[in-house]
Amino acid sequence: MIDIIIASIIAILLGLVLGYVSRKYIAEARIKSAEEEAQRIIEKSKNEAESLKRESLLEAKEEAHRLRHEVEKENKDRRTELQKLEKRLMQKEESLDKKSSYNEKKEEELRQKEEELNNAHKRLDELCQQKITELENLSGITSEEAKEILLQSVRDEIKHEMAMLIKEIETKTKEEADKKSREIITMAIQRCAADHTSESTVSVVNLPSDEMKGRIIGREGRNIRTLENLTGIDLIIDDTPEAVIISGFDPIRREIARVALEKLISDGRIHPARIEEMVNKSRQEVEKQIRDEGERATFETGVHGLHHDVIMLLGKLKFRTSYGQNVLQHSIEVAQLAGVMASELGLDVRFSKRAGLLHDIGKAVDQEYEGPHVVTGAEILKKYKETPELINAVEAHHGDIDFKTLEAVLIQAADAISASRPGARRETLEAYIKRLEKLENIADSFEGVEKAYAIQAGREIRIMVKPDRVDDTTSAQIARDIVKKIENELEYPGQIKVTVIRETRAVDYAK
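Residues numbered from 1 in each chain as written. Predicted model: local features only at pLDDT ≥ 70, side-chain atom pairs only at ≥ 80, totals over all residues. Heavy atoms only, no water.

Here we take up the overall build of the protein chain. A count of helices and strands for the protein chain gives 14 helices and 8 strands. Burial status across the protein chain gives 29% buried among its 511 residues. By sequence separation, contacts in the protein chain at least 24 residues apart represent 62% of the contacts at least 6 residues apart. As displayed, the protein chain has an accessible area near 35000 Å², and 53% of this comes from carbon and sulfur atoms. (Helix = DSSP H or I, 4+ residues; strand = E, 2+ residues; numbered from the N terminus. Buried < 20%, exposed > 50% of the residue type's maximum accessible area, 1.4 Å probe, protein only. Contact = heavy atoms within 4.5 Å. Areas by Shrake-Rupley, 256 points an atom, 1.4 Å probe, with all protein chains shown as cover.)

As structure tokens, then:
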């Protein structure tokens, strides 16, 4: 049994040894085969590498040869181009040399000609001076005097041409402007037509009988004295049948006295206590009438948003007159005229109406404050926060200051239109005569005027000029200058037409 086991072990050991030997032999065979294969691959790779190296060298040599050929060709082309450029530069240098030589010759010729010209100028100056001296000797005047005569002649000619140009421009402008302005003003006057009545500084109260005069005077004149003291007016009782005249420059006080006197006459009881009572009642009635008139004016013109005090001042204008024209009615008309013209011209209608209604507001208090009514009116409107543009329109409507808006120009035009209506205003005979004399004196003050005549109640002045001293063109210039002087020195309602007449008469006698 043991032998079997030992034999088995030996057999196993032999098997292991044999297996190890056989595997070793196989492995060595494979390793040797792999080494041979590797050596073969290496040899093959070396051969391929040598082949590729030779091919690359050949390609590199070919590329280098090609590049060398291209560079040589490019250099050759550049050398050719440089030779051409060099040739052109040489040609240009030759051309420049020729031109330089030519220019030098020309400069030399020009210098010679310049010297000749300078010499000629000198000779010409000498000849001119010689001729001037000869002319001065022959004419008997110096060259400076001759220049002055020539300049004066040129001045006269330019002045004549300017006058002709001014006349032509004025004629053309007037033709275009007059047509349009005539249409606008005519339409405005037609749409705002109003009746006018002249007012004075006296009021007449009719009496039922002349016996009432004695009752108004009272015992020892106490009644008339009381009425005059309470109202501040003069009561004139004369031989006028059944009438008493109330005189005073304050129209509101005169109205209060008139109303009070009519109430006393109607009541029949006339004594100082009753007079005082009636005067107080009349004062309240007149104040209410003032307020109503102011409100009526605002509603009639469509002007709203005025301060209560300004409305009261407007109402006072109801009792204020200017050259006999009622100032409130005049203000309403100016507002309407300005509004219509502003509408036609595309301007601010509301502003124009407001400025037109308030333009104479200063006349409501001109008896209480010193100074022109335009200044007083401007101060009143500043106090009640009116706009600077409206205040300017009020201040400028008599031309005292410059206009800031086109609406302000319309206010002045509307004021002149309203004041110049037939029957709108009147003035005293003495003031009327003085105005006509002043108008004629202004025209007579101009050189060349022979005689001046104021006609059509001062609405036109006709001027006769001396035909031997004034030509047609200068006549237009004289008319323009007279107009400017009239505008600067005279105050007048409406406008004044200036007509300059120049005529030449030839008289002979048949014998």
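Let's pick the thread back up.
Another point: the nonpolar core. Among the nonpolar cores identified, the biggest contains 37 residues, and Leu-306, Leu-314, Leu-357, Leu-358, Ile-361, Leu-381 and Leu-390 are the most heavily contacted of them. Elements with a minimum of two residues in this core: helix 7 (308-316), helix 8 (327-345), helix 9 (349-358), helix 10 (373-383), helix 11 (388-395) and helix 12 (406-419). For this core, the element with the most residues is helix 8, which contributes 9 residues. Apart from residues no more than four positions distant in its own chain, Leu-358 is found in contact with Leu-306, Val-310, Leu-314, Leu-381, Glu-386, Leu-390 and Val-394. Membership of the second largest hydrophobic core comes to 25 residues, among which are Leu-207, Ile-246, Ala-257 and Val-286. (Core = buried A, V, L, I, M, F, W, Y, C linked by side-chain atoms within 4.5 Å.)

Right, let's get into the pattern of salt bridges. The final tally for this structure, using the stated rule, is 20 salt bridges. Three or more residues joined by partner-sharing salt bridges are found here, namely Glu-63, Arg-66 and Glu-70. (Salt bridge = Lys/Arg side-chain N within 4 Å of Asp/Glu carboxyl O.)

The next subject is the sheet that holds strand 7 (residues 460-465). The strand order 6-7-8 describes an open sheet built from 3 strands, whose pairing is mixed. Single-partner strands in this sheet number two, and they are strand 6 (449-455) and strand 8 (497-501). In this sheet, adjacent strand axes meet at a mean angle of 20° when their direction is disregarded. Lying on the sheet, helix 14 (residues 472-489) is in contact with strand 7 and strand 8; it crosses strand 8 at an angle near 150°. (Pairing = 2+ DSSP bridges. Axes fitted to C-alpha atoms, helices over the stretch in contact; angles between N-to-C directions.)

Attention now moves to helix 12. The end-to-end C-alpha distance of helix 12 is 20 Å, a good match for the 20 Å that 14 residues give at a rise of 1.5 Å each. Of the residues making up helix 12, those classed as buried are Glu-407, Ala-408, Leu-410, Ile-411, Ala-414, Asp-415, Ile-417, Ser-418 and Ala-419. (Expected span 1.5 Å × (residues − 1).)

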